[in-house]
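Read off the chains here:
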Amino acid sequence: METSTAQVIDRTTSEPPVVREAWKQELAEAIRDPAELCTLLKLDPSIAHHMHRASQSFPLLVPRGFVSRMQQGDPNDPLLLQVLPRPEELIDTPGFVSDPVGEQVARRGTGLIQKYHGRCLLLVTGGCAVHCRYCFRREFPYAESGASPASFASAVSEIRADQSITEVILSGGDPLLVDDQLLEKLIHDIASIPHVRRLRIHTRIPVVLPSRITKQLLHILHTTRLTVCVVIHSNHAAELDCVVGESMQRLRQVVPLLLNQAVLLQGINDTAESLIQLSERLLDLGISPYYLHLLDPVRGASDFDVPEHVGVQLIEKLRNRLPGYAVPRLARENPGTPSKTWLA
Ligand SMILES: *Cc1c(COP(=O)(O)O)cnc(C)c1O
Ligand code: SF4
């Protein structure tokens, strides 16, 4: 078993070992070795061999709990396909670039991105608990973006100086990857800015590492004066098993607004049936479908692309089958526009 502890090692030689929180332990034990993933899922070992090169530039990373929701022996499992490094990623496709949504030009300063009126997005950390192969930030230069605790103070002063900002979005990477003390301090500092009313958290962690929804985290979200909205990221109903259900139930007790954003992905959720099941499952858990994003054309992800007209047809089918509030907005990110573009 691989036991890489690079991200959360927390031991000193003279002191007794610090007891790690369960979620940190789970993250340390996440799967990073293609061969191990293949063994666990009873897949042909040659798949691991093919993964090797693609995983050098953007490594495999997937928590064991997420793997346990995959079907053994199925190389086309919709959860597996989201995390499996494939040789095709290394083939250049025209139009698929390193910064597809124009974030480089939108960077205001230390870790802050503002593209839209009233909302700014703070990159809390570059790390994630899972590496999604279609991620539009897979090539984002986090190291230079100021996405680190050291820059939070200047980000907070920048928000303080701009009265037009009423909502701060914590993003990343995954903002719930940082620990509770840091998060508490950051949220406290943001809440001290009178013109900020809302805090939004964009995170995939409740889905891929549900043990992260700790009592302490719930306490922080419950006690801030800001109105909190958590936007999770799930693409398929099979991601939302009962363990995720329980953590969402806890979150729901303190967070008044829970939303989901999904990405429309070829071979994963590009059928009406799959999207209907996702919406139904989200509603079971008290989460409203918010956006269904068309893929951002990031280099290496062209295999996941679903044409816009297919997306529009899928949304029409959903409208005929589901209550209006269960139908997500189909959206695309166009660099330089004042909002995301709604396509259906
Ligand atoms: C998507 C996004 C937002 C949020 O947009 P909403 O339409 O309010 O959900 C804010 N800032 C950036 C940079 C974004 O990409
Ligand atoms: S969790 Fe979000 S930011 Fe992280 S790799 Fe997946 S899509 Fe990208």
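Shown above is the structure to which this text applies.
Residue positions are given per chain, counted from 1 along the sequence in the order it is written. Chain A is the first chain written and ligand 1 is the first ligand written, with later ones labelled in order. In keeping with the predicted nature of the model, local features appear solely for residues at pLDDT of at least 70, side-chain atom pairs appear and are counted solely at 80 or more, and the whole-chain, interface and lining totals rest on all residues. Side-chain metrics rest on all non-hydrogen atoms present in the structure, leaving aside hydrogens and water.

**Q** I keep staring at empty space enclosed by the protein and nothing clicks. Help me out?
**A** Regions of empty space are outlined by a rolling probe, equal in size to a water molecule, passed over the atoms. We place a 1 Å grid over just the protein atoms. Points where a 1.4 Å probe fits but has no way out form a cavity, open points with protein on both sides within 12 Å along at least 5 of 7 lines form a pocket, and any residue with an atom within 4 Å of a point lines it. Grid points are joined across faces, edges and corners, and a volume is the space filled by probe spheres set on the points. Tallied over the entire structure, the rule returns two cavities of 30 Å³ or more. A volume near 80 Å³ is recorded for the largest cavity. What lines the largest cavity is simply N260, A262, L275, L278, S279, L282, P289, Y291, L292, L318 and P328. Contributing elements (two or more residues each) for the lining of the largest cavity: β7 (257-263), α13 (272-284) and β8 (288-293). Charged residues are taken to be Asp, Glu, Lys and Arg, nonpolar residues to be Ala, Val, Leu, Ile, Met, Phe, Trp, Tyr, Cys and Pro, and polar residues to be all remaining types, Gly included. Classifying every residue of the lining of the largest cavity gives nine nonpolar, two polar and no charged. Each pocket or cavity is described by its volume, and for the second largest cavity that value is around 30 Å³. What counts as a helix is a DSSP run of H or I of at least four residues, what counts as a strand is a run of E of at least two, and both are numbered from the N terminus.

**Q** Where do I start with the site of ligand 1 in this structure?
**A** Within the structure, ligand 1 sits among I113, K115, Y116, R119, L121, I169, R200, Y290, Y291, E333 and K340. Counted as a polar contact is a pair of N or O atoms within 3.5 Å, where, for protein atoms, one must be capable of donating a hydrogen and the other of accepting one, and residues adjacent in sequence contribute only when both atoms are in side chains. Taking R119, its side chain carries an N or O atom lying 2.6 Å from an oxygen atom of ligand 1. Taking K340, its side chain carries an N or O atom lying 3.0 Å from an oxygen atom of ligand 1. Here the Shrake-Rupley method, with its probe set to 1.4 Å, supplies the accessible areas, and only the displayed protein chains count as covering residues. Considering ligand 1 on its own, with 390 Å² of exposed area, one finds that the protein chains cover 92% of that surface. Those molecules having more than half of their atoms within 2 Å of a cavity or pocket grid point set are described as sitting in that cavity or pocket. Judged by the proximity of its atoms to the pocket grid, ligand 1 belongs to the largest pocket. Counting only elements with at least two residues in the shell around ligand 1, the list comes to β2 (112-116), β3 (119-125) and β8. Residues of the shell around ligand 1, tallied by class, amount to six nonpolar, no polar and five charged. Whether a residue is near a molecule or strand depends on its heavy atoms: it is near if one of them lies within 4 Å of it.

**Q** Help me understand the site of ligand 2 in this model?
**A** Taken together, C128, V130, C132, C135, G173, R204 and H233 make up the full set of residues adjacent to ligand 2. Mapping ligand 2 onto the cavity grids shows that it belongs to the largest pocket. A class-by-class count of the residues in the shell around ligand 2 yields four nonpolar, two polar and one charged.

**Q** In this structure, what is going on with the packing of α13 against helix α14 (residues 308-321)? I would like to understand it.
**A** If you want to describe how two helices pack, look at the angle between their axes and the distance between the axes. To get an axis, fit a line to the C-alpha atoms, keeping to the stretch in contact for a helix; angles then go from 0 to 180 degrees between the N-to-C directions. At a minimum axis separation of 9 Å, α13 and α14 run at an interaxial angle of 50°. Taken together, the axis directions place α13 and α14 in an arrangement best described as oblique. As α13 runs across α14, the sense of the crossing is right-handed. Here α13 contributes A272, E273, L275 and I276 to the contact with α14, which in turn contributes L314, K317, L318 and R321. An angle counts as roughly parallel when it lies under 35 degrees, as roughly antiparallel when it exceeds 145, as roughly perpendicular when it falls between 65 and 115, and as oblique in every other case. Crossing handedness: left-handed means the near helix sits turned counterclockwise from the far one by under a right angle, and right-handed means the same turn made clockwise. Whether two residues touch is decided by their heavy atoms; if any such pair falls within 4.5 Å, the residues are in contact.

**Q** Would you mind showing me how to read the pairing of strand β9 (residues 329-332) here?
**A** Each regular strand shows side chains that alternate between the opposite faces of the sheet. Pairing between β8 and β9: three bridges, direction parallel. For L292, the partnering residue across the bridge sits in β9 and is L330. For crossovers, right-handed means that the path from the first strand over the helix to the second runs clockwise, given strands pointing away from the viewer. The handedness of the β8 to β9 crossover, carried by α14, is right-handed. Any two strands with at least two DSSP-identified bridges between them are counted as paired. In this structure, β9 lies alongside strand β10 (residues 341-342), joined through two bridges in antiparallel fashion. Note on β10: the bridge partner recorded for A331 is W342.

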